[in-house]
Amino acid sequence: MAHKLLYIETFGCQMNVNDSERIVSMLADLGYAATDDPATSDMILLNTCSVRGGAEEKVYRRLANLRIYKRGGKKQIIAVGGCVAQQEGEELLRKLPYLDLVIGTHNLHLLPNMVRGAERGERRSETTFIDNEQRADLFPAIKGESRLSRFVTVMQGCDNFCSYCIVPYVRGREISRRSTDILTEVRQLADEGVREVILLGQNVNSYGLKTASEPTFAELIHQIAAIDGIDRIRFTTSHPKDMSDELIACFCDVPKLSGHIHLPAQSGSDDVLKRMGRGYGRESYLDKVGKLKALRPDIVFTGDIIVGFPGETDADFEQTLSLMEEVRYIDLFSFIYSPRPRTRAAELADDLSRTVKMARLDRLMELQRRHTREISHTYIGSVMSVLVEGEGKLPGQVSGKADIGRTVNFSGDSSLIGSFADVRIVKAYPNSLLGEPL
Ligand code: SAH
Ligand code: SF4
Ligand code: F3S
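Residues numbered from 1 in each chain as written. Chains lettered and ligands numbered in written order. Predicted model: local features only at pLDDT ≥ 70, side-chain atom pairs only at ≥ 80, totals over all residues. Heavy atoms only, no water.

S.K.: How would you summarise the side chain of Glu-214 if you had to cite specific residues and measurements?
M.R.: The residue Glu-214 is located in the loop between strand S10 (196-200) and helix H9 (217-225) in this model. Arg-178 provides the closest opposite charge to the buried, salt-bridge-free Glu-214, at an N-O distance of 6.1 Å. Once residues within four sequence positions are removed from consideration, Glu-214 is found in contact with Arg-177, Arg-178, Ser-179, Tyr-207 and Gly-208. (Helix = DSSP H or I, 4+ residues; strand = E, 2+ residues; numbered from the N terminus. Buried < 20%, exposed > 50% of the residue type's maximum accessible area, 1.4 Å probe, protein only. Lys, Arg positive; Asp, Glu negative; His and termini not counted. Salt bridge = Lys/Arg side-chain N within 4 Å of Asp/Glu carboxyl O. Contact = heavy atoms within 4.5 Å.)

Shown next as structure tokens:
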């Protein structure tokens, strides 16, 4: 088969990262190999995110840059996928005459066909949402190169409709994948030598709640933990309101479950949480955090916070800082609120000035840097089990992830890759730890 080259740029969340892997695997069957160089590629695909404003403009700017390559006279397919594609649809083809394909978030299975058409010069946009009944079969597993840690999709979409969020509109209704399919995929991965799986979805802990015949997310974790060869299980993202006692108990009962949880609070103020439509308050969030800490004292938290939500007062913001003090996240992703089309919050007055929002974000990030530093320093001298995934930053080093999700670099040779190594932590950096092998 003729060798063609595919260049992909991925924006946004892990769903997109995972979709990009799936695209690479699907198009390999058509003779496309992945490349890092857009200039010599036969196809360019931007896998886009629209969670915050300016997303569409960013795509236009990036495409404007990239199409320089197309002008070189070479036949090159240009495609946009992901959440901006879903949001804008055919409009993108109309606006951008050099664009060949627009592929929505429910339509990846059509991509091979679309690419064959584009090779013959056809332009096409496919952004129709697919009913949940038909979607159950559209979770193709990824035939990727073997790696130690792999994502496994357990659900897609989101039904929460938090008032600020565009995701339900661009990813569609929530659907849980059949547990039998998930377990088959995990067993296959284990056979290929995968040691860690990361269960993936916008709201994994609502897994199975709408399908009586499926296990709960906690039960699913127990079933996956029973698979030989899989030594570590992570999941992302979980919604605090669906963090059941049963799931919390897994952090004690399932030793294979990683001691890290991403649990986005979004705000520490009850008033703001209410207007965000999150379905929990400050007390109930902190109560869950407290239970997790009691069951697994070494657990680490990461989270997301939105700063400057419409009507956020100084007092509301102080509540967010105090929530951070109580939880003590090891890492926090913080965003300035940005109104999104079709969302309920977009109808509220975006009433805070840019200066106020920036000042709040600065304070929050300053506090977070202190927490990251303080927590990381407590690890110095401790021993961590590291899943060694590759070469480290410096020659003679290898690198991997500790149970708490932190990257650990330590001196060792590449024969360690693929195994778990016990490492003593000797130094803490803002984004990683330095260790020495025991
Ligand atoms: N499903 C995940 C979040 C996916 S979006 C969850 O519920 O936790 C990732 C993050 O982007 C959100 O947690 C939120 O902090 C941020 N975000 C979403 N919409 C936003 C908006 N309109 N403005 C600013 N940040 C936003
Ligand atoms: Fe967006 Fe809320 Fe769904 Fe997360 S749970 S994707 S923030 S609507
Ligand atoms: Fe962005 Fe879509 Fe993910 S909007 S955050 S890429 S689901």
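Moving on from the model shown.
S.K.: Before we move on, can you summarise the pattern of salt bridges with the specific residues and values?
M.R.: For the structure shown, the criterion picks out 34 salt bridges. A salt bridge links Glu-122 to Arg-120, with the nearest nitrogen and oxygen atoms 3.3 Å apart. Of the residues examined, Glu-122 reaches a relative accessible area of 38% and is grouped as partly exposed. We classify Arg-120 as exposed; its relative accessible area is 61%. In this structure, a network of salt bridges that share partners links the residues Glu-196, Arg-232, Arg-234, Arg-296, Asp-298 and Asp-403.

S.K.: An account of unusual backbone geometry is requested, with residue identities and associated values reported.
M.R.: The amide bond that connects Thr-236 to the next residue, Thr-237, takes the cis arrangement and shows omega of 0°. Mapping Thr-237 onto the fold places it in the loop between strand S11 (232-236) and helix H10 (245-253). In this structure, Phe-161 is a non-glycine residue whose phi angle is positive, near 50°. For Phe-161, the position within the fold is in the loop between strand S8 (155-156) and helix H7 (167-171). You can call Phe-161 partly exposed: its relative accessible area is 26%. For Arg-342, which is not a glycine, the phi torsion comes out positive at approximately 75°. Counting through the fold element by element, Arg-342 comes out in the loop between strand S14 (331-336) and helix H14 (354-378). Under the relative-accessibility criterion, Arg-342 is labelled exposed at 62%.

S.K.: Describe the pairing of strand S15 (residues 383-391), with residues and values.
M.R.: Note: S15 against strand S18 (residues 420-428), 5 bridges, orientation antiparallel. Note that in S18 the partner of Met-384 across the bridge is Val-423. Across 5 bridges, S15 lies against strand S16 (residues 397-402) in antiparallel orientation. Residue pairing for S16: Val-386 is matched across the bridge by Ala-402. (Pairing = 2+ DSSP bridges.)

S.K.: Quick rundown of the sheet that holds strand S7 (residues 149-153)? Include the residues and the values.
M.R.: What the 3 strands build is an open sheet, ordered S7-S10-S11; its pairing is parallel. With partners counted over all chains shown, the strands left at the sheet margins are S7 and S11, one partner each. Averaged over all neighbouring strand pairs, the angle between strand axes comes to 25°, with direction disregarded. Here S10 runs beside S11; their pairing, made up of 5 bridges, is parallel. Note on S11: the bridge partner recorded for Val-197 is Ile-233. The strands touched by helix H1 (residues 14-28) are S7, S10 and S11; relative to S7, the strand with the most contacts, the crossing angle is about 100°. (Axes fitted to C-alpha atoms, helices over the stretch in contact; angles between N-to-C directions.)

S.K.: Quick one: what's the story with empty space enclosed by the protein, residue by residue and with numbers?
M.R.: Counted under the stated rule, the structure contains 3 cavities of 30 Å³ or more. Around the largest cavity sit 20 residues that line it, and Asp-19, Arg-22, Thr-105, Gln-156 and Arg-171 are the ones nearest its centre. Of all the elements in the fold, those that place two or more residues in the lining of the largest cavity are H1 and S8. The leading source of residues in the lining of the largest cavity is H1, at 5 residues. Split by residue class, the lining of the largest cavity holds 7 nonpolar, 9 polar and 4 charged. (1 Å grid on protein atoms, 1.4 Å probe; cavity = no way out; pocket = protein on both sides within 12 Å on 5 of 7 lines; lining within 4 Å. Points joined across faces, edges and corners; volume = space filled by probe spheres on them. Nonpolar A, V, L, I, M, F, W, Y, C, P; charged D, E, K, R; others polar.)

S.K.: Hey, could you go over helix H13 (residues 314-327) for me, with residue numbers and the actual values?
M.R.: Taking 1.5 Å as the rise per residue, H13 with 14 residues should run 20 Å; its terminal C-alpha atoms sit 20 Å apart, in good agreement. Residues Asp-316, Phe-317, Thr-320, Leu-321, Leu-323, Met-324 and Val-327 constitute the buried set of H13. One face of H13 carries all of its buried residues, which in axial projection span an arc of 155°. Opposite the buried face of H13, at more than 90 degrees from it, the exposed residues are Asp-314 and Ala-315. Here the buried face of H13 lies against helix H11 (270-276), helix H12 (282-295), strand S13 (300-307), S14 and H14. Note on H13: the residue one or two positions beyond its end, Arg-328, has a positive phi of about 60°. (Expected span 1.5 Å × (residues − 1). Arc of directions from axis to C-beta.)

S.K.: How would you summarise the site of ligand 2 if you had to cite specific residues and measurements?
M.R.: Inspection of the region around ligand 2 gives Cys-158, Asn-160, Phe-161, Cys-162, Tyr-164, Cys-165, Val-167, Pro-168, Gln-202, His-239 and Arg-278 as its neighbouring residues. Grouping the amino acids of the shell around ligand 2 by side-chain chemistry returns 7 nonpolar, 3 polar and 1 charged. (Near = heavy atom within 4 Å.)

S.K.: Any chance you could break down H1 for me, citing the residues and the numbers?
M.R.: Across its 15 residues, H1 extends 21 Å between first and last C-alpha, which sits within 8% of the 21 Å expected from 1.5 Å per residue. A large share of H1 lies buried, amounting to 11 of its 15 residues. All of the buried residues in H1 are Met-15, Asn-16, Asn-18, Asp-19, Ser-20, Glu-21, Arg-22, Ile-23, Ser-25, Met-26 and Leu-27.

S.K.: Which residues make up the packing of H1 against helix H5 (residues 111-119), and what values go with them?
M.R.: Close contact between H1 and H5 brings their axes to 10 Å; oriented N to C, the two are set at 60°. Classified by the angle between their axes, H1 and H5 sit oblique to one another. Taken as a pair, H1 and H5 cross one another with a handedness that is right-handed. Mapping the contact onto sequence places Ile-23, Met-26 and Leu-27 in H1 and Leu-111, Pro-112 and Val-115 in H5. Considering only residue class, the contact of H1 with H5 consists of 6 nonpolar, no polar and no charged. (Parallel < 35°, antiparallel > 145°, perpendicular 65-115°, else oblique. Left-handed = near helix turned anticlockwise from the far one by under 90°.)

S.K.: Can you break down the nonpolar core residue by residue, with the values?
M.R.: Grouped together as the largest cluster of nonpolar side chains are 65 residues, with contacts concentrated most on Val-197, Leu-199, Phe-217, Phe-235 and Tyr-285. For this core, the element with the highest residue contribution is H9, accounting for 6 residues. Residue-level mapping places this core at the junction of two domains, with at least three residues from each of domain 2 (132-258) and domain 3 (262-378). Every residue in contact with Leu-199, bar those within four places of it in the chain, is listed here: Val-152, Val-154, Val-204, Phe-217, Ile-221, Ile-224, Ile-233, Arg-234, Phe-235 and Thr-236. (Core = buried A, V, L, I, M, F, W, Y, C linked by side-chain atoms within 4.5 Å. Domains from an automatic or database assignment.)

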